Amino acid sequence: MTLTCPECEGPVELAEPVRLSEIAQCADCSSELEVVGLDPVALALAPEIEEDWGE
Amino acid sequence: MRPVAVLASRVRYEEKRLFAALERRGVPYAHVDTRRFSAELGGGARDGGRPRYAAALNREISHNRGLYASLLLEARGVPTVNRAEVVAVCGDKLRTSLELERAGVPVPRTAVALTPEEGADAAERLGFPVVVKPLTGSWGRLVAAVHDRAGAETVLEHRAALPSPQQHIVYLQELVDKPGRDVRVIVAGDEVLGATYRYGDGWRTNAALGGRSERCPLTPELTGPALAAARAVGGGVLGVDLVEGPDGPLVLEVNHTVEFRGFQDAHGDAVDVADAIVSHVLDAAGSGEAG
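Residues numbered from 1 in each chain as written. Chains lettered and ligands numbered in written order. Predicted model: local features only at pLDDT ≥ 70, side-chain atom pairs only at ≥ 80, totals over all residues. Heavy atoms only, no water.

Chain B goes by Lysine biosynthesis protein LysX in an unreviewed UniProt entry, where it is assigned to Actinomadura yumaensis. UniProt's Cofactor (unreviewed entry) comment on chain B is quoted here verbatim: "Mg(2+)". Listed in UniProt under the heading Sequence similarities (unreviewed entry), the comment for chain B reads: "Belongs to the RimK family. LysX subfamily." (UniProt positions renumbered as here; feature names shortened; annotations may be inferred.)

Under the annotation held in an unreviewed UniProt entry, chain A carries the name Lysine biosynthesis protein LysW and is attributed to Actinomadura yumaensis.

Structure, rendered in structure tokens:
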């Protein structure tokens, strides 16, 4: 599935099945993106990393 | 069967593998985005007296949201992987160190100072070079190698300027002379799933910093401390990071929301980490469902 990057309007490829909260990266502008909707599939800029993030 | 809750605000390679593993086994699950999670105290989350979920797999990237989500679910009788107490211990390097020390697990020499001002003296007593680490966080972020007193004072001055009081607690470890790599061992319960060497271009070898993973043979020298470390923090599904010191492996940290992309790539079809995690979660759910 190909969507449009909300930052640079470049094409963003997503493998199916697409999942809510899935993270993708725009190949054109390197923005980190998040799937914020599934019907229809929608992308937004992903949240910035926070201090307590980790594994 | 009631669904398994998968707590995650970011769905990455690992979470997609986990969803796929659950689907392959026909296990009902609910993806719970912790950014949209709330719970009413006093029994509001119960469904007819039974917990809503058979178990919860905590894959939350935010330590605080993950910890409190586990606490809330456990309070409702939902078995969580990992347990809230394990998340609390592993999410704090000092608490981890204390549990490892208590269990006699080999670790690098470690010191803690409660203010940045005391940190430079503590580093000097420990002996340079030292590594300054934040208590919470991963991926090598805000970790600094310090080779002398002047360097320590510079790093700690920056730490003192950070707004979070927790950043003012100074956690120090000796910089172990390692062979350009560290070792990640993934443990699920009492089972060691495998190990990888992680190589980096600089002194840090975190996969998040571009480190590459290669399969590492399992030896008792590695599995012994890795299992001991996993048990020391309370057990569960854990990524134990070790460094090969001159006198044997030393445990650096234990990760409670283990990332396994590099590990999975290095092992190919030999190990299915996501499937093993699902097995562990189903084991945790088992007794509840039987009832």
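Q: Summarise the layout of surface pockets; cite the residues concerned and give the values.
A: Taken as a whole, the largest pocket spans an internal volume of roughly 830 Å³. Considering the residues around the largest pocket, the lining is formed by 35 residues, among which B:R12, B:Y13, B:E14, B:E259 and B:R261 are closest to the centre. If you list the elements that add at least two residues to the lining of the largest pocket, you get β3 (23-25) of chain A together with α1 (13-25), β10 (191-199), β11 (212-215) and α8 (261-267) of chain B. For the lining of the largest pocket, a count of residues per class yields 15 nonpolar, 6 polar and 14 charged. For the lining of the largest pocket, the domains that each give at least three residues are domain 1 (4-89 + 274-290) and domain 3 (177-270) of chain B. (1 Å grid on protein atoms, 1.4 Å probe; cavity = no way out; pocket = protein on both sides within 12 Å on 5 of 7 lines; lining within 4 Å. Points joined across faces, edges and corners; volume = space filled by probe spheres on them. Helix = DSSP H or I, 4+ residues; strand = E, 2+ residues; numbered from the N terminus. Nonpolar A, V, L, I, M, F, W, Y, C, P; charged D, E, K, R; others polar. Domains from an automatic or database assignment.)

Q: Which residues make up the pattern of salt bridges, and what values go with them?
A: All names here are of chain B. Inspection of every chain in the model, using the stated rule, returns 26 salt bridges over all chains. One salt bridge connects R24 with D272, and the closest N-O pair in it is separated by 3.3 Å. Placement of R24 in helix α1 and of D272 in the loop between α8 and α9 (273-290) is noted, with a sequence separation of 248 residues between them. A relative accessible area of 54% places R24 in the exposed class. (Salt bridge = Lys/Arg side-chain N within 4 Å of Asp/Glu carboxyl O. Buried < 20%, exposed > 50% of the residue type's maximum accessible area, 1.4 Å probe, protein only.)

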